[in-house]
Amino acid sequence: MAGAALRWRLPPGQRLLFEDFDDGILMFDALVGSTHLLSATSAEALALVVDTPGLTGLEIHRRLLDRLALDEAALPFAAVDELLWQLENLNLLAADAA
Amino acid sequence: MSARRDGRPVRVAATLLGALRSPASLRTLELPEWEVLLSCARRNAVLAYLGERSTAAGEIDAFPPQAQKAMRAAMTAVGRLAQLARWELERVRRVLAPAGIPVIALKGGAYLLRGLPHARTRPMSDVDVMVPHAAIDAAEEALLEAGWQGTKVDAYDQAYYRRWSHEIPPLQFPGRLLSVDVHHTICPPVSRLRPDPERFWANSQPSAMDGVRLLSPPDSVLHAAVHLFFDSDFDGRFRDLVDVHEMLEAFGREAGFWPALVESARLQGLARPLYYACVTRRTVLGAATPDDVLRELERNRPAAPVDAWMKRTLATLLTPADPADWPPAHRGLLWLMYARSHWLRMPPHLLVPHLVRKSFRRWRSPSG
Amino acid sequence: MTATLAGLAPGEVRRRMAAEGLALRMQPITVRVRSPIRAFAAQIHALYRDYEVLDPRDYADVDVRMLPVPGVRRFARPQVQFVVDGVTPFEGFPLDHALPMFEWGLNWVFVHRMHEYLVLHSSVVERDGRAVLLPAWPGSGKSTLAASLAVRGWRYLSDEFGVIATDSARVVPFVRPAALKNASIGVMRAFAPDSFIGPLFPGTRKGEVAHFSTPAENVRRGGESVDVAAIVFPDFQAGEAATAEPLASSATFLKLAGNAFNYETVGARAFAAVTAIVRRATSHILRYGDLDDAHRALDAIIAQGKEPRA
C-alpha cells in the first residue's frame, strides 16, 4: 500500500493543544483554529507523530497496537491508514516521501 | 457627533490618515477624539490595520486601554477571517490541484500567502481565485461536485455574472463562512481594458501553498489598481487603496520592480488605472511614487479637464468616510456610472438597474 | 453615590437623546444612545432607571443612533433603523419596536466587538460567591429560570451572555434587561407580580417580547466578577419533578464551546478558558416543570461543591 512508505509529521506551523478529560480528549488545532474531540486511537496516533515526527504508517500502526494493547485483528493497518489520511484531510497531519 | 479640539470640528478622516502614516501622532489624542477615530477606522474597515500599524510602530501599549482593547479586538476578529481564508484556499487547492486545474490566488488570499504585513488585517467575506478561461467550467463543476453550492442568486444575477463579469457566481461550502469567487481574468470581458490573461499566467509565481500560484508583484499591483474602478462595494474602497499602497511599499524596495511595473502596465494597457492609483495614493495617503515612474505614467492621462475631474472625484471617493454622516452620501453612484461607462462601454441607462439592485442588496448586509 | 437615570426628569432624558445623547454605564461597557423617538426615550428611561448616567461627551464603547427611516413610502408602516459607526447592520424594524431592536442590536454589537472576552450564550446567576451558568438551548427556559432566581435572592449577572475573562476564566457581569418571550412573560408575571416588566411588543421576529428589569442591586454590583461553580443545562418539561443528571466533561465542553458567540474567533484563549471552567465547575442537566422545584435543585447543586474532576 502506497501509504505505508510515506512519513508522517505535523504540517509546518502546526501547534496542537491537548486537554485530557475523564471522558475524552479535546484538542485545539492552533493553525486552523478548530477544536476536536478525539477517540483514544486518534489521540494516540497524534501523540506518536508529535513525539516522533517522520514515522511511516507501518511504524505508527505497530506502536499503536503496542500502546493500546490491541492485536492486529482489532486494529488492522487499513484502519490506521484511513485514520491517518482523515487526520491529513483536516490538516492535522502531513505526509511526505522524505 | 464629531470631535472638537479647542471648539473647532476636526475632520476625522484627516486624523485617521495621519495616524496611518504615523501612529505616534495619536499620542496627543483625548479620549473623546479616540472614540471618533476608532469609529471612523471601523467604518472604513481599517481598525485592525490601524492596530497592526500601531503595534509595528511600538506605539500601541501607550494608547489608552479603551483604544488598545478596541484595536486588539478588531485584530482578533479579522485575524480569524484570515485563518478561515487560508483554510478555504487549502480546501479549494485540494479539489482543483488533483483535477489538473492551475490556480492563482488573488487579493486577500494572495496577500496572506505572500506574508504581507497588512494581510491579516483585512476583513474578508470571500476568497478570490483565478483559473484559466478554458478551465472555468471544469473548475465550477469540480467544486460543486466536492460540496460547494452555488449561492442563491436570482436569474438576473446569474445572467449578469456569466455575460458581463469575469467570474462565476460565488460558491459557498455549507457551514463555512467565506464564499469562493472563481475568476478567469481580472477585468470584465466587455471592458475597454483588455489585459491578456496569458501574460498573467506566464508571469505568475509559486506560493508557499503547493498548487496555488500568485500574480507577479507588478501584476498584483495592476490588479489592485484596476479593482479600485470596478468594485461596486461602497464600503471597501479606502481599504482597497490601502492594498495598493502596502504592495507598492513592500515591492517598491525590490530592485527592478518599478520598471517591471511600468512595462507590464504598458503591455497590458493598464497604464491609466495605475496612473490614477498612484496619484490618489499620493493625494489621500501622502505616499509618493518615484518621479520618473510618474512621468512615464502621465503620458497616458486623458485631456486636462477629464484628468482634473477624475483626480478630484477619486480623492473624494477614496478618502475615508465619516461615520457621523447619516444618511451616508451616495457619492459612489455617480462615479460608478461614469467609471463603468468609461471603462466598460456600458451605457448609463443599462447600468442603473444593475447598480441599484446591487447597492440595495448590499446595503442590507452586515458591515465587517 | 452615582447618579442614576431615575434621577433625570423625562423631559431631560428626551432632550439628551434628541441632542448630544444619553450615556449609560452598562458594565463592562459604556453606551451612548441617541434617538428622536419619544416613546423609545420613555421606555429607556423606565428600563434603565437604575443605571449610572454618564457625561455624553466622554468616551463610549458603543454609540448607537435609533433613527426613523427617511420617509420614502408614504403609506407604508413607519420604520426605525439601528445605526452604529455610520452603518445599519440590519433591516429596519417597525417604528414602535425601537426598544427590542435596540436591545438586540446592542447584543449584536457586543458580540462582534468584545473579543477580549470569551462570550458564551448563557444566563448567569450567582449566590455565595459561586456562579451558575445556564446555557441557552431551545426549550431551556433559561431566561425565565434566571429571572425567577433574580427575584428570589440570587444575584443576576446576565440574561444572554456568559462573559468570561480569558486570563482568569471568571465570569464578568453584563447586566441588561432580559427579553422574555411569549409564554415566559405570563409565567414571570405570575411568579413575581411585583417585578418590573416593560411594555409588550407583539409581532416581533421572536414573537411577543417584554423586557424584565432586574433588581437594582445587580446593576450596582455590575463590576464584580466571580468563579463559575456550576454549569446547569435547564430542560423545561411541563409537569416533571426536578431532576439533576450529571453531564460528562467533554460533552459539557462541546456544548459550551459550540454554543458560544465567539469561541472560534478567540481561539486558543477560548480553548483554555472553557477547559478551566469545565475542570472547576460541576455540570448537570436539570429537568424541571416547576420554578420553585428548580430553585431547590439548584440550591443542592451549588451546595455540593466540586469533587476533584479529571
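Cut-offs and rules
Residues numbered from 1 in each chain as written. Chains lettered and ligands numbered in written order. Predicted model: local features only at pLDDT ≥ 70, side-chain atom pairs only at ≥ 80, totals over all residues. Helix = DSSP H or I, 4+ residues; strand = E, 2+ residues; numbered from the N terminus. Rg over C-alpha atoms; globule rule 2.2 N^0.38 Å. Buried ≥ 20, exposed ≤ 12 C-beta atoms within 10 Å, placed from the backbone. Contact = placed C-beta atoms within 7 Å. Pairing = 2+ DSSP bridges. Nonpolar A, V, L, I, M, F, W, Y, C, P; charged D, E, K, R; others polar. Core = buried A, V, L, I, M, F, W, Y, C linked by C-beta atoms within 7 Å. Axes fitted to C-alpha atoms, helices over the stretch in contact; angles between N-to-C directions. Domains from an automatic or database assignment. Parallel < 35°, antiparallel > 145°, perpendicular 65-115°, else oblique. Left-handed = near helix turned anticlockwise from the far one by under 90°.

Asker: How should I be thinking about the overall build of chain A in this particular structure?
Answerer: Summing up its helical and strand segments, chain A has 3 helices and 6 strands in all. Helices and strands appear in chain A in the N-to-C order β-β-β-β-α-β-α-α-β. Over its C-alpha trace chain A gives a radius of gyration of 13 Å, about what one expects of a compact globule, namely 13 Å for 98 residues. Overall, the C-alpha framework of chain A stretches about 35 × 30 × 20 Å when taken along its three principal axes. In chain A, which comprises 98 residues, the share counted as buried stands at 22%. Considering only contacts within chain A whose residues lie at least 6 apart along the sequence, 55% involve residues at least 24 apart.

Asker: What am I meant to see in the overall build of chain C here?
Answerer: Within chain C, the regular secondary structure consists of 10 helices and 18 strands. On C-alpha atoms alone, chain C measures out to a radius of gyration of 20 Å, which is about the 19 Å that the 2.2 N^0.38 rule sets for 310 residues. By principal-axis analysis of the C-alpha atoms, chain C measures approximately 60 × 40 × 40 Å. Counting all 310 residues of chain C, 51% fall into the buried class. Here the contacts in chain C between residues at least 6 apart in sequence split such that 72% fall between residues at least 24 apart.

Asker: How should I be thinking about the sheet that holds strand S5 (residues 55-56) of chain A in this particular structure?
Answerer: Picture the strands of a sheet paired through backbone hydrogen bonds; they go either parallel or antiparallel. Strand order in the open sheet formed by 3 strands is S5-S1-S6 (chain A), and the pairing between neighbours is antiparallel. Where the open sheet ends on each side, the last strands, each with one partner, are S5 and strand S6 (94-96) of chain A.

Asker: What's the story with the interface of chain C and chain B in this structure? I'm lost.
Answerer: It is common to give the size of an interface as the accessible area lost on bringing the parts into contact. Listed by partner, the interface residues are 22 residues for chain C and 25 residues for chain B. Of all the secondary structure elements, the ones that give two or more residues to the side of chain C that touches chain B are strand S4 (62-68) and helix H8 (263-266) of chain C. Here the side of chain C that touches chain B is built from residues that sort into 9 nonpolar, 3 polar and 10 charged.

Asker: Whenever I open this one, helix H4 (residues 142-150) of chain C confuses me. Can you help?
Answerer: Helical geometry note: an α-helix holds 3.6 residues per turn, so side chains three or four residues apart project in the same direction. Within H4(C), 9 of the 9 residues are buried, which leaves the element mostly enclosed by the surrounding structure. Every buried residue of H4(C) is accounted for by Lys142(C), Ser143(C), Thr144(C), Leu145(C), Ala146(C), Ala147(C), Ser148(C), Leu149(C) and Ala150(C).

Asker: When you look at the nonpolar core in this model, what are you seeing that I'm missing?
Answerer: Nonpolar side chains tend to gather and get buried jointly when the protein is soluble and globular. Counting residues in each nonpolar core, the largest one holds 196 residues, and the members touching the most others are Ala105(B), Val129(B), Ala225(B), Leu274(B), Met66(C), Leu118(C) and Val132(C). Ranked by residues supplied to this core, first place goes to helix H4 (residues 65-96) of chain B with 13 residues. Setting aside its immediate chain neighbours within four residues, Ala105(B) contacts Leu89(B), Ala110(B), Leu113(B), Val129(B), Ser207(B), Val212(B) and Leu214(B). By size, the runner-up hydrophobic cluster in this structure holds 12 residues, among which are Ala45(A), Val49(A), Val80(A) and Leu92(A).

Asker: Got a minute to help me understand the sheet that holds strand S3 (residues 24-29) of chain A in this structure?
Answerer: Residues and elements named next belong to chain A. If you trace the 3 strands from one edge of the open sheet to the other, you get S2-S3-S4, paired in antiparallel fashion. The open sheet terminates on both sides in strands that have one partner only, identified here as strand S2 (16-21) and strand S4 (34-38). Each strand axis lies, on average, 20° off the axis of its neighbour in the sheet, ignoring direction. Judged from the 5 bridges that link them, S3 and S4 form a sheet pairing that is antiparallel.

Asker: In this structure, what is going on with the domain arrangement of chain C? I would like to understand it.
Answerer: Residue and element names in this part refer to chain C. In terms of domain boundaries, chain C breaks down into domain 1 (5-113) and domain 2 (117-304). Each side of the interface is counted separately: domain 1 has 13 residues, and domain 2 has 22 residues. When residues of the side of domain 1 that touches domain 2 are traced back to their parent elements, those giving at least two are helix H2 (38-47) and helix H3 (98-113). Top element by residues in the side of domain 1 that touches domain 2 is H3. It accounts for 4 residues. Split by residue class, the side of domain 1 that touches domain 2 holds 7 nonpolar, 4 polar and 2 charged.

Asker: Explain the packing of helix H12 (residues 271-285) of chain B against helix H13 (residues 291-298) of chain B to me, please; I cannot follow it from the model alone.
Answerer: Geometry of a packed helix pair, given as the angle between the helix axes and the separation of the axes. All names here are of chain B. Where H12 meets H13, the axes come as close as 9 Å, and the angle between the chain directions of the two elements is 135°. Taken as axis vectors, H12 and H13 run oblique relative to one another. Relative to H13, the crossing made by H12 is left-handed. Note on element contacts: H13 touches H12 through Leu294, Leu297 and Glu298, opposite Ala271, Leu274, Tyr275 and Cys278. Of the residues contributing to the contact of H12 with H13, the split by class is 6 nonpolar, no polar and 1 charged.

Asker: Where do I start with the pairing of S3(A) in this structure?
Answerer: Residues in a regular strand project their side chains so that they alternate between the two faces of the sheet. All names here are of chain A. Summarising the sheet, S2 and S3 pair through 6 bridges and their orientation is antiparallel. Its bridge partner being in S3, glutamate 19 is matched across the sheet by leucine 26. Counting the residues that bridge the hairpin from S2 to S3 gives 2 residues.

Asker: Whenever I open this one, the environment of Ala216(C) confuses me. Can you help?
Answerer: By the element assignment, Ala216(C) lies in helix H6 (residues 216-220). The sequence separation of Ala216(C) and Lys142(C) amounts to 74 residues, and the corresponding C-alpha distance is 21 Å.

Asker: Got a minute to help me understand the environment of Lys206(C) in this structure?
Answerer: Residue and element names in this part refer to chain C. Summarising the element assignment, lysine 206 is placed in the loop between strand S14 (201-204) and strand S15 (207-213). When the 11 C-beta atoms within 10 Å are taken as the criterion, lysine 206 is described as exposed. When the C-alpha atoms of lysine 206 and histidine 97 are compared, they prove to be 12 Å apart, with 109 residues separating the residues in sequence.

Asker: Which parts of the structure should I look at to understand the pairing of strand S10 (residues 161-165) of chain C?
Answerer: All names here are of chain C. Taken across its 5 residues, S10 has 4 buried, putting it largely inside the fold. Looking at chain direction, strand S7 (residues 117-127) and S10 are connected through 5 bridges and run antiparallel. Bridge pairing in S10 links leucine 120 to glycine 162. Note: S10 against strand S11 (residues 170-172), 3 bridges, orientation antiparallel. Each bridged residue has a counterpart across the sheet, and for alanine 165 the counterpart in S11 is arginine 170.

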